[in-house]
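# Coordinate analysis (summary)
Given next are the chains, with one letter for each unit.
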Amino acid sequence: AYETILFERTDGVARLTLNRPERLNSFNVAMHEEVAEALALAADDPDVRAVLLTGAGRGFCAGQDLSDRLVAPGAEPVDLGESIELYYGPLVRRLTLLDKPTICAVNGVAAGAGANIALACDIVMAARGARFIQSFANIGLIPDSGGTWVLPRLIGQARALGLAMTGEPLSAEKAEAWGMIWKCVDDDALDAEASELAARFAKGPTR
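What counts and what doesn't
Residues numbered from 1 in each chain as written. Predicted model: local features only at pLDDT ≥ 70, side-chain atom pairs only at ≥ 80, totals over all residues. Heavy atoms only, no water. Pairing = 2+ DSSP bridges. Helix = DSSP H or I, 4+ residues; strand = E, 2+ residues; numbered from the N terminus. Axes fitted to C-alpha atoms, helices over the stretch in contact; angles between N-to-C directions. Parallel < 35°, antiparallel > 145°, perpendicular 65-115°, else oblique. Left-handed = near helix turned anticlockwise from the far one by under 90°. Contact = heavy atoms within 4.5 Å.

### Section: the sheet that holds strand E4 (residues 59–61)
Read from one edge of the open sheet, four strands run E4-E6-E8-E9, paired in mixed fashion. One side of each edge strand has no neighbouring strand; the edge strands of this open sheet are E4 and strand E9 (170–171). Pairing of E4 with strand E6 (residues 109–111) involves two bridges; the strand directions are parallel. In the sheet register, glycine 59 faces E6, and the bridge partner there is valine 109.

### A short note on the packing of helix H4 (residues 147–155) against helix H5 (residues 157–166)
Look at H4 against H5: their axes get within 7 Å of each other, and the N-to-C directions meet at 130°. Regarding the angle of H4 to H5, the classification is oblique. The hand of the H4/H5 crossing is right-handed. Facing H4, whose interface residues are Leu151, Pro152 and Ile155, H5 presents Gln157, Arg159, Ala160 and Leu163.

This is a description of form; function is not addressed.
See below:
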C-alpha cells in the first residue's frame, strides 16, 4: 500500500500515478521513495512491457514540495543539492535508462522538476490545458532533474534559455509545435489515448 502514489500492473502496462493532488503532486521524500520502489518493480517484472506515468487531480507535478524542506528559524539550512543527488538525479536516470517504453501523460501543470521528469520519458502527451513551467529562476536556481541537458536538445538553446530565465508558462499546444512533446490532445481524451498507446507498446517488440 502506497501513501503518495497509485501503482498497478495490468495487461503488460505498469501505471504509476503521482497521488498528492492537494499539493499538485509535488514531491516529498515519501513520494520519491515510493516512486523509486514502483519503478524498480516495473523494471524487474518481465510481464511489464510499458510504463505510463501521470498525475492525480488537476496537475501533473509541481516539482519539489517546498514545505517539506522548511527549517525552523536559526536551524541549519537545508542542503538542496542533497535532494538532487539522492532523489531527483536517480529518478531521472531510472526513467531514461528503463529498457521498456515510458509514456508520460501530463494532465495539468508540470512545473520545476515536474516538467523535467515528464521530459525524461520516451513519449510525452499533454492535455490541451496543461502548462510546462521552468520555475527554478523564481527561487534562484537553475533547471535541475535533467532540464539543462534535455531542453536545448528538444527546443534549441534560445528557447531553452528563455524558459529557464523567465519562468514563463509554456502551453501544451506550443510545446507540441516546438517539438518539446510528442502530442497535445483534448483534456478529456488524454487518459484514453495514453492508455491506448501504452497497451500498443506492451503488445509490441518493446526493446
